[in-house]
Each structure stands twice: as C-alpha cells, then as structure tokens.
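Descriptive structure summary
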Amino acid sequence: MLLELDAWGFSGHETFPFRYSWLKKGVDAVSHDPEVFNREDALVKLGVGKNMVRSIRHWCLTAGLLREERASGSRRLAVSWLGHYLFGEDGRDPYLEDPATLWLLHWQISTNYRRATTWYWVFSFWHQSEFRKEWLVQRLMEVVKMQGWQRISPSSISRDVDCFVRTYVPAHASKVLGLEDTLDCPLVELGLIQELPGRRTYKLVRGDKPTLPDPIFAYAVVDYWQRVAPRSSSLSFEELAHGAGSPGRAFLLDENSLVERLERFDHITFGRFVYRESAGIKQILRIGDILNLFDLLRLYYECTED
C-alpha cells in the first residue's frame, strides 16, 4: 500500500526520459544563472526545445542535482552538493561514462516518490516479475483513488508509465515515436527491465548486479537508513530487502545477492556497519556515527581514479 505518501508526481518530464547530455546542461546552466529556467531565452541557452527545457529541469530536480530555493518571492534553483560533485566544473563523471553514476542516478530517481511516483511505486510495490503498461496504469489509478489525489486522469498516468518504461527499455522507431524520440535514456544500460517478445510485456530483472559497485550500494543503504530509522543502531535484513524504497527493491537484488553484499559491508564501511545473523535474525548493526553520503561517494570515485 502507498498510504505513507504525502505527495505525488506523475508529470514534469514532458514524456521525455533524460538523455546523456541533459543533466550536465541543467547543472551548468543553473551554475551560471539560478533563474535560467524562468527566462524566455532558456531554449537558446540549453540548445533544446521548450518541452525539453522543462524536462531537463524536472530530471535535474528529481535526481537531486538541483534544489529549489525561494528568494524575494520567486523560485530560484541552486546546484546541490551531488550536482556539483558529479557534473560541476571538476565533476567526477560529467558525461556518464561510469556505470556507477547510472546506478546512483537510478537510486536517486526511483526513491523520489514526490517527483517520480511511478518509478518509486513500481520498484517498491510491484511484486510480480512481469508487467504490461495497461496493468500499471490500472493499478496506479487504484492507488490514486485510494489516496484521494485529485485531478489525475488515466491519460496522465498512461503517459507517465510510457516515460517510465522508456527510461529503462530501448525505444523503437514507429509512427508514434520519431527518430528524435528514440534516443535512449542512459539508464537503459542497467538492464533492469527487459522487453519480452511481442513488445507488450516487460520483465523486471532480479538478481546480482555486477556493475553496481559496493560503495554505491553502501550509499543507498545509508541513505535509506537515514530516511527510515535515523536514530536506530540496527536495521533488519527484511527492511533492506523488501521495504518500500529500499536498496533491495530499487536495485532488484535477490536475497542471496543482498546477503553477499552485506557480508562485505564491514570492509566497505571500515567497520562502521556490520552484518550479523543470530537465532535466525538477520540485521545490519551500526557501530558509532552513521557515515556521510559524500564520504561514500569519495570512497568510490576518488579511490578508483587512475
């Protein structure tokens, strides 16, 4: 159930999944002009169409690369620490060449229920291995009614589901999709969703994720921990594997793969987190203060440099 959600977001992307250059475009533009997205010449500055300008803004906010600020009665944007670190002047991966960055972006987007409700809901609450678009639309409309959210039509949900699928599945040119619209989202590379023969049914690909680095997984665990139990010194395996917005859910890890990663956790976190199994109870224990998310990213990006 989705009763804990206090907000929703089924639009803003203008039906476009983000593309390789978009996130850096957005970060660079806001670095130079915090109100760039409010200006009439934003199309010229960003070099894309009007709808794509809005889409770039949406995805940069959804991935946590930009944040909204209110100043003098107007809304301005600012680059977040994550935006600076990945896409800034000395960004670690401005052109999305490292799969680790794609996993990190997937985590940021798929756990942002306010701006990417469909993404969050599918990875957190869809329990079957396969789905069709119409199944998701029907179920999400049931959620909308249950939540009492107003002014959300089936057509809006359908467009959102289409965009969700195209975030992870390669697009095919057709009478509906022109060549420009078939440019794949970078997250397609993660292989999280496969299109089955017939092009109407899709499969969530569960199991180990070899290209997901342990420090990025650790980032997700700590981020999740801070959101659901910031004062707790332990977190159950069940929560990490099956909780809404959990690393096990977002990364589609099966239980064996999750255990293998957690068994390496003390090494990754320099003994700050320890995995324990006792009397049939599996949990992670925190020893001392919780790790800083920025430090976990540095552990990966700055320790893997040539």
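Everything here concerns the structure above.
Residues numbered from 1 in each chain as written. Predicted model: local features only at pLDDT ≥ 70, side-chain atom pairs only at ≥ 80, totals over all residues. Heavy atoms only, no water.

**Looking at the sheet that holds strand β8 (residues 281-286)**
Sheet strands pair by backbone hydrogen bonding; their relative direction is either parallel or antiparallel. Note the threshold: The pairing criterion for strands is at least two bridges between them, as found by DSSP. A run of H or I in DSSP becomes a helix once it reaches four residues, and a run of E becomes a strand once it reaches two; helices and strands are each numbered from the N terminus. Axes, fitted as lines to C-alpha atoms, cover a helix only where it is in contact. Angles between the N-to-C directions of the axes lie from 0 to 180 degrees. Residue contacts are counted whenever heavy atoms from the two residues lie within 4.5 Å of one another.
Strand order in this open sheet of three strands is β6-β8-β7, and the pairing throughout is antiparallel. Where the open sheet ends on each side, the last strands, each with one partner, are β6 (234-236) and β7 (273-278). Each strand axis lies, on average, 25° off the axis of its neighbour in the sheet, ignoring direction. When β6 meets β8, the two strands line up antiparallel, connected through three bridges. Bridge assignment links L235 to a residue of β8, and that residue is I284. In the packing of helix α12 (residues 255-263) onto the sheet, the strands contacted are β7 and β8, and the crossing angle to β7 comes to about 125°.

**Thoughts on the packing of helix α6 (residues 117-125) against helix α7 (residues 133-147)**
The relative placement of two packed helices comes down to the angle between their axes together with the axis-to-axis distance. In plain terms, the rule: For classification purposes, an angle smaller than 35 degrees is called roughly parallel, one larger than 145 roughly antiparallel, one from 65 to 115 roughly perpendicular, and anything else oblique. Polar here means any residue other than Ala, Val, Leu, Ile, Met, Phe, Trp, Tyr, Cys and Pro, which are nonpolar, and Asp, Glu, Lys and Arg, which are charged; Gly is therefore polar.
At a minimum axis distance of 12 Å, the contact between α6 and α7 shows a crossing angle of 105°. Our classification of the angle between α6 and α7 gives roughly perpendicular. Taken together, the residues of α7 that come into contact with α6 (itself represented by T118, W121 and V122) are L136, R139, L140 and V143. Residue composition of the contact of α6 with α7, by class: five nonpolar, one polar and one charged.

**Describing the sheet that holds strand β3 (residues 130-132)**
Strand order in this open sheet of three strands is β3-β5-β4, and the pairing throughout is antiparallel. Whereas interior strands pair on both sides, the edge strands pair on one side only; in this sheet they are β3 and β4 (193-195). Taking the axes of each pair of neighbouring strands and ignoring which way they run, one obtains an average angle of 30° across the sheet. The pairing of β3 with strand β5 (residues 201-204) spans three bridges and is classified as antiparallel. Looking at the pairing, F131 lines up with Y202 of β5.

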